[in-house]
Amino acid sequence: MDFLSQIFLLLRKDLLLELRRRESLLTMFFFGTLLLFVFHFSFDLAPERVAEMAPALLWLAFLFTGTLGLAQLFEAERGNHCLEALLLSPMDRGALFLAKTAFNLILMVLVEIVVIPLFWVLFNLRSWDVIPNLFLVTLLGTVGFCVLGTLLSAVTLKARARELLLPLVLFPLMIPVILGTIRCMETILRAGELGEALPWLRLLIGFDVIFLTVGVLIFDWVIEV
Amino acid sequence: MHLTVRHLAKAYGLRWALKDVSFDLPAGEVVALLGPNGAGKTTLLKLLAGLISPTAGEIVLDGSNFTRGAAVQRSAIGFLAPGEHLYENLTVRENLVFFISLYKKRGAIAQIDATLDEVGLKHRSEEYVAALSSGMKCRLSIAQWKLLEPGLLLLDEPYGVLDGNGIDLLESFLRAQSRKGSVVFIASHHVARVLNLCTRAVILHQGRLTFNEARQQPWDSFNRAFGEFLPHGESWTS
């Protein structure tokens, strides 16, 4: 079985389990929505100020929501020592890394598809035409978050209080992605196009490619039962 | 499958769980892996399965050095731990199809029904594993490894949850694997049962190999070596 088939097999299994348990997606969706309502009631902002604050507020929501998803990422494998069963098999461990990253990415994108338009509605923003570009930038940032998050989730898998440890390790390392995404989103909201944010966009793409490659190469050494 | 272990050692931090373990096993050997709690039996099984890396020493499978990353060698190793290694929210059939696909033995998918029938689970093939009893899960693990046919099969306490019929099923499977040339390792505290099945016994004590002999009748050396691990006042005759 080639590498892509292994990724597809593992991803299909994770999606099937999620469809049956509905734990991660529902929790992430409700938490993301709840955060937006908290922001809405906490900040009484004029529309022009909202456009300035939107990228940071949206990314706060994505970071916290995504961390919830990461905490659950290997939950199906922790029960019944299924991780042992996977590591025992002849599967390429890089495929496991990519399948888990893809699974987490799918969950986060589904949440973002709801959260971004909801943010526009709640804060009464009128610039709906910039949303496709915002989605594109958010997707690049989300890939970076999922790649690094999956790697660190595996590193902290056996740690005590891993739910606390994971964000403590993850958030500082996520600073380039957070900065890059927020700067790109600010530019899009201000100018309607990416233009001067291209260096930040390159940083995001570079971050994604580097950590994706590093993750596939080192995952075998990171994950041990 | 020919298995050779040379000077194998594993340390967790400063504590040695296994120290300088060496043995050589030809194809078809059924090994009883015995010893008191904390002797290093599970550590040895995990090392042989490639689930953990040794601190020192080497494992050689059919003449090739076994490393954690070696996918071809991993496909020849099975680990039967009752009730474990199964996804509770997948059905019996989905679990088997998933693992058969991971092991690249898609031809075995056609044999799922027949194998489930042999282990008495055909009528429950569409049920979630979570709905099965511990004994049934163990039967499912037996079905899984029957389909995957590993050259080296490792078993960790397989008898605890099986009923009489389940034990017969397991033992006939292990004898069949041995006849096909597989090496079978059984770590268990059910000594009488495992000795009845094995062709060799290995005893670990405090991480060291203290006994390694082919089965014989009578077996005085084993009785002496194993006697010290029995409860106070009990004696043992194999």
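This is a predicted model, so every value here is computed, not measured.

Draft legend 1. A look at the overall build of chain A. From N to C terminus, chain A includes ten helices and zero strands. Listing each helix as α and each strand as β along chain A from the N terminus yields α-α-α-α-α-α-α-α-α-α. Relative to the 2.2 N^0.38 estimate, which gives 17 Å for 225 residues, the radius of gyration of chain A is 18 Å and therefore close to what a compact globule would have. Across its three principal directions, the C-alpha atoms of chain A cover 55 × 35 × 30 Å. Across chain A, every contact between residues at least 6 apart in sequence was considered, and the portion connecting residues at least 24 apart equals 81%.

Draft legend 2. Examining the sheet that holds strand 9 (residues 200-205) of chain B more closely. Residue and element names in this part refer to chain B. Reading across from one edge, 6-7-8-3-9-10 is the order of the six strands in this open sheet, with mixed pairing throughout. Where the open sheet ends on each side, the last strands, each with one partner, are strand 6 (77-80) and strand 10 (208-214). Here the strands of the sheet are splayed against their neighbours by 15° on average, with no regard to which way each runs. For strand 3 (residues 30-34) and strand 9, the ladder comprises four bridges, and the chain directions are parallel. From the neighbouring strand, Ala32 faces strand 9, where its bridge partner is Ala201. Along the sheet face, helix 8 (residues 220-227) touches strand 3, strand 9 and strand 10 and points at about 155° away from the line of strand 10.

Draft legend 3. Quick peek at the sheet that holds strand 1 (residues 3-12) of chain B. Residues and elements named next belong to chain B. Across the sheet, four strands lie side by side as 2-1-4-5; this open sheet has antiparallel pairing. Looking at the sheet topology across the chains shown, the edges are occupied by strand 2 (15-25) and strand 5 (64-65). In this sheet, strand 2 lies alongside strand 1 in antiparallel orientation, the contact comprising seven bridges. Each bridged residue has a counterpart across the sheet, and for Ala11 the counterpart in strand 2 is Trp16. Where helix 1 (residues 41-49) meets the sheet, it contacts strand 1, strand 2 and strand 4 (56-61), and its direction lies at approximately 60° from that of strand 2.

Draft legend 4. Representation of the environment of Gly63 of chain B in the model. Looking at the secondary structure, you find Gly63 of chain B in the loop between strand 4 and strand 5. Separated by 82 residues in sequence, Gly63 of chain B and Trp145 of chain B have C-alpha atoms that sit 24 Å apart.

Draft legend 5. Seen up close, the packing of helix 9 (residues 175-191) of chain A against helix 10 (residues 198-222) of chain A. Residues and elements named next belong to chain A. In contact at an axis separation of 8 Å, helix 9 and helix 10 are set at 145° when each is read in the N-to-C sense. Here helix 9 and helix 10 pass one another in a crossing that is left-handed. Contacts from Pro176, Val177, Gly180, Thr181, Arg183 and Cys184 of helix 9 reach helix 10 at Trp200, Leu201, Leu203, Leu204 and Phe207. Tallied by class, residues from the contact of helix 9 with helix 10 come to eight nonpolar, two polar and one charged.

Draft legend 6. View of the interface of chain A and chain B. Of the residues lining the interface, 22 residues belong to chain A; the matching set on chain B comes to 24 residues. Among the secondary structure elements, those contributing two or more residues to the side of chain A that touches chain B are helix 1 (3-21) and helix 5 (82-88) of chain A. In terms of residue class, the side of chain A that touches chain B is built from eleven nonpolar, four polar and seven charged.

Draft legend 7. Highlighting the nonpolar core. All names here are of chain B. Counting 135 residues, the largest nonpolar core has Val31, Leu152, Phe185 and Ile186 as its most contacted members. Split by domain, the residues of this core number at least three in each of domain 1 (1-76 + 151-163 + 181-232) and domain 2 (85-149). Leave out the neighbours within four places in its chain, and Ile186 touches Val31, Ala32, Leu33, Leu155, Pro158, Val194 and Cys198.

Draft legend 8. Structural context of the packing of helix 2 (residues 24-42) of chain A against helix 3 (residues 47-71) of chain A. All names here are of chain A. Interaxial distance between helix 2 and helix 3 falls to 9 Å at its minimum, and their mutual angle equals 155°. With respect to each other, helix 2 and helix 3 are oriented roughly antiparallel. In the packing of helix 2 onto helix 3, the handedness of the crossing is right-handed. For the pair helix 2 and helix 3, contact is made by Ser24, Thr27, Met28, Phe31, Gly32, Leu35, Leu36 and Phe39 and by Leu57, Ala61, Phe64, Thr65, Leu68 and Gly69, respectively.

Draft legend 9. Spotlight on the domain arrangement of chain B. All names here are of chain B. Each domain of chain B was delimited in the assignment, giving domain 1 (1-76 + 151-163 + 181-232) and domain 2 (85-149). When each unit is reduced to the centre of its C-alpha atoms, the spacing between domain 1 and domain 2 is 26 Å. Every contact between the two is made by six residues of domain 1 and, on the other side, six residues of domain 2. A per-class count over the side of domain 1 that touches domain 2 returns four nonpolar, one polar and one charged.

Calculation rules
Residues numbered from 1 in each chain as written. Chains lettered and ligands numbered in written order. Predicted model: local features only at pLDDT ≥ 70, side-chain atom pairs only at ≥ 80, totals over all residues. Helix = DSSP H or I, 4+ residues; strand = E, 2+ residues; numbered from the N terminus. Rg over C-alpha atoms; globule rule 2.2 N^0.38 Å. Contact = placed C-beta atoms within 7 Å. Pairing = 2+ DSSP bridges. Axes fitted to C-alpha atoms, helices over the stretch in contact; angles between N-to-C directions. Left-handed = near helix turned anticlockwise from the far one by under 90°. Nonpolar A, V, L, I, M, F, W, Y, C, P; charged D, E, K, R; others polar. Core = buried A, V, L, I, M, F, W, Y, C linked by C-beta atoms within 7 Å. Buried ≥ 20, exposed ≤ 12 C-beta atoms within 10 Å, placed from the backbone. Domains from an automatic or database assignment. Parallel < 35°, antiparallel > 145°, perpendicular 65-115°, else oblique.

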